[in-house]
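Working through the structure, step by step
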Amino acid sequence: MTLSSRTACIFGGTGFIGRQIVRELARQGVRIKVASRVPERAYDLRPSGTVGQIVPFACDYKDEGSVRAAVQGCDFVVNCIGILFEKGKSNRFDKIHTELPARIAGACADEKVDRFVHISALGADESQSKYAKSKLAGEQAVLEAFPKATILRPSVVFGPDDNFFNMFAKLAVIAPALPLIGGGQTKFQPVYVGDVADAVMAALTRAAIGDQNPQGKIYELGGPDILSFKEIYETLFEQTARRRALISLPWGLAKFQGAVMNAFMPTPLLTADQVVSLKTDNVVAEGALTLADLGVESTALSTILPTYLARFKPGGRFHGKKAA
Ligand SMILES: NC(=O)c1ccc[n+]([C@@H]2O[C@H](COP(=O)([O-])OP(=O)(O)OC[C@H]3O[C@@H](n4cnc5c(N)ncnc54)[C@H](OP(=O)(O)O)[C@@H]3O)[C@@H](O)[C@H]2O)c1
């Protein structure tokens, strides 16, 4: 498939998921604007395309005109902007997950963009966390402004640059024990970042007729493995050849720790709101539209994790090899 006559704008294209989407679009020949508050963050993406194919685009999200300029002339728009915790006045969930997507969706409608894909989060309609509530309100605002938008709700996303397995792997290197929040029973369905990018491609390119038309639909993206938090740690220990003690942390104490970290750390490892998120399983709902409905075959953790977690083994990739 070649899409070389098409132009896309990726909001949050400098992030973990956004980068994968930019690379996939570039591979398919699409011209891409990477919208960012700091366009320099997109400079290293340029070699993923031909000369001039990937263009960093400075966007001031407070200015409607700036958002509109970003989507002007685009066939496809994808919104991957998101935050994990609130800090200061501008980094608030309602602003980033609700008001901004609404502004982008409105600009897409005004500029007659063909397809708009919005990345939300699994559990948006169930969890009582502030994060999830702002994501759900964001979905509703997007569909109101651009009814043909496709909403993708991934579970925790894994891949070489992820912030989840890598963070716990780094912690396991320095910490003698890791916390099992609420006993570690919360279930996750980790989804590979390449599969999320493939889902975006399908949402942008599938025919607009018949059952397969992805427009105006919500898809829940989970991989083939469903694991409890405790099982995720076990998998991590196996992949990094580092076993650590697991200490059960009651909900109340975890929430208190999260609140302290959020108040005092610039990038908190845990927040009170994330503890609330952990009270709800993060798995694809029965009857939901899934990766399979977008024609994407999901990738197992066991296929991908060894490719980037081996570096955390004592001695790195050559761990366990005997001298010749
Ligand atoms: N990663 C996961 O496991 C996961 C799971 C479920 C859902 N999601 C959702 O998927 C989306 C992408 O996630 P990700 O992991 O790729 O996130 P990420 O790596 O943290 O990237 C987020 C992007 O958002 C932009 N951004 C951050 N703060 C902003 C602000 N205050 N104003 C405007 N833009 C801001 C950043 O762009 P600039 O700094 O360049 O402006 C960055 O490129 C998010 O909506 C997230 O909630 C992610």
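Reading guide: rules and limits
- The residue numbers shown here count from 1 along each chain, following its written sequence.
- Side-chain atom pairs in this predicted model are given and counted only at pLDDT of 80 or more, local residue features only at pLDDT of at least 70, and totals for whole chains, interfaces and linings cover all residues.
- To obtain the side-chain values, all non-hydrogen atoms of the structure were included, while hydrogens and water were left out.
- Whether two strands pair depends on DSSP finding at least two bridges between them.
- Secondary structure elements follow DSSP: runs of H or I of four or more residues count as helices, runs of E of two or more count as strands, with numbering from the N terminus.
- Only the contacting stretch of a helix is used when fitting its axis, a line to C-alpha atoms as for every element, and angles between N-to-C directions run 0 to 180 degrees.
- Here a residue counts as near a molecule or strand whenever at least one of its heavy atoms sits within 4 Å of it.
- Polar contacts, as used here, are pairs of N or O atoms within 3.5 Å; protein pairs need one atom able to donate a hydrogen and one able to accept it. Residues neighboring in sequence count only if both atoms are side-chain atoms.
- Per-residue and other accessible areas follow the Shrake-Rupley method at a 1.4 Å probe size, with only the shown protein chains counted as cover for residues.
- Here the nonpolar group is Ala, Val, Leu, Ile, Met, Phe, Trp, Tyr, Cys and Pro; Asp, Glu, Lys and Arg are the charged ones; every other residue, Gly included, is treated as polar.
- Here the nonpolar core consists of buried residues drawn from Ala, Val, Leu, Ile, Met, Phe, Trp, Tyr and Cys, with membership extended through side-chain atoms lying within 4.5 Å.
- Exposure is judged per residue with a 1.4 Å probe applied to protein chains only, and the accessible area is read against the type maximum: over 50% gives exposed, under 20% gives buried, and values in between give partly exposed.
- Pairing of aromatic side chains requires ring centres within 6.5 Å, counting the rings of Phe and Tyr and the six-membered ring of Trp. Pairs whose planes differ by under 30 degrees are stacked, by over 60 edge-to-face, and all others tilted.
- Sitting over a ring, as applied to charges here, requires NZ of Lys or CZ of Arg to be within 6 Å of the ring centre and within 35 degrees of the ring normal.
- Under this scheme an angle from 65 to 115 degrees is roughly perpendicular, one under 35 degrees roughly parallel, and one over 145 degrees roughly antiparallel; angles in between are oblique.
- In a left-handed crossing the near helix is turned counterclockwise from the far helix by less than a right angle, and in a right-handed crossing that turn is clockwise.
- In what follows, a contact means two residues having at least one pair of non-hydrogen atoms within 4.5 Å.

1. A closer look at the sheet that holds strand β5 (residues 115–119)
Reading across the sheet, the 7 strands line up as β3-β2-β1-β4-β5-β6-β11 and stay open at both edges, with parallel pairing between neighbours. Because the sheet does not close on itself, it has two edges, and the strands there are β3 (54–58) and β11 (218–221). Strand-to-strand, the axes of this sheet are offset by a mean angle of 20°, without reference to chain direction. Note that β5 and strand β6 (residues 150–154) share 3 bridges and pair parallel. Bridging across to β6, I119 finds its partner in L152.

2. Overview of the site of the ligand
Lining the immediate environment of the ligand, one finds 24 residues, of which T14, S36, R41, N91 and K135 sit closest. G12 places a main-chain nitrogen or oxygen 3.3 Å from an oxygen atom of the ligand. Protein chains shield 82% of the accessible area of the ligand, which is 890 Å² for the free molecule. Breaking the shell around the ligand down by element, the ones donating at least two residues are α1 (16–27) and α4 (130–145). Classifying every residue of the shell around the ligand by side-chain character gives 13 nonpolar, 8 polar and 3 charged.

3. Some details on the nonpolar core
Grouped together as the largest cluster of nonpolar side chains are 67 residues, with contacts concentrated most on I10, I21, L25, I32, L152 and F165. The dominant element in this core, judged by the number of residues it contributes, is helix α6 (residues 193–205), at 9 residues. Within the second largest apolar cluster, 25 residues are counted, among which are L100, A107, C108 and F146.

4. A look at unusual backbone geometry
If you check the backbone angles, K112 has positive phi at about 55° while not being a glycine. Positionally, K112 belongs in the loop between α3 (93–110) and β5. Phi is positive for A241, which is not a glycine, with a value near 50°.

5. Notes on the packing of aromatic side chains
Going through the model one piece at a time under the given rule, you end up with 14 aromatic pairs. Where F164 meets F165, the ring centres are 5.2 Å apart and the plane angle is 80°; that geometry is what we call edge-to-face. Overall, the relative accessible area of 14% leaves F164 in the buried class. For the ring pair F164 and F229, a centre distance of 6.2 Å and an interplane angle of 55° mean the geometry is tilted. Residue F164 is found in the loop between β7 (157–158) and α5 (165–174), and its partner F229 is found in helix α7 (residues 229–240); the two are separated by 65 residues along the sequence. Take F229: its relative accessible area is 8%, and that puts it in the buried class. Chaining the aromatic ring pairs together yields one cluster made of F158, F164, F165, F168, F188, Y192, F229, Y233 and F237. Seen from the ring of F57, K33 lies directly overhead, with NZ or CZ sitting 5.1 Å from the centre. Taking NZ or CZ as reference, R46 lies 4.3 Å from the ring centre of Y43, over its face.

6. A look at the packing of α7 against helix α10 (residues 301–309)
As a packed pair, α7 and α10 sit with axes 9 Å apart at the nearest point and diverge in direction by 50°. What the angle tells us is that α7 and α10 run oblique. The interaxial crossing formed by α7 with α10 has right-handed handedness. Facing T235, L236, Q239 and T240 of α7, the residues of α10 in contact are L305, P306 and L309. Grouping the amino acids of the contact of α7 with α10 by side-chain chemistry returns 4 nonpolar, 3 polar and no charged.

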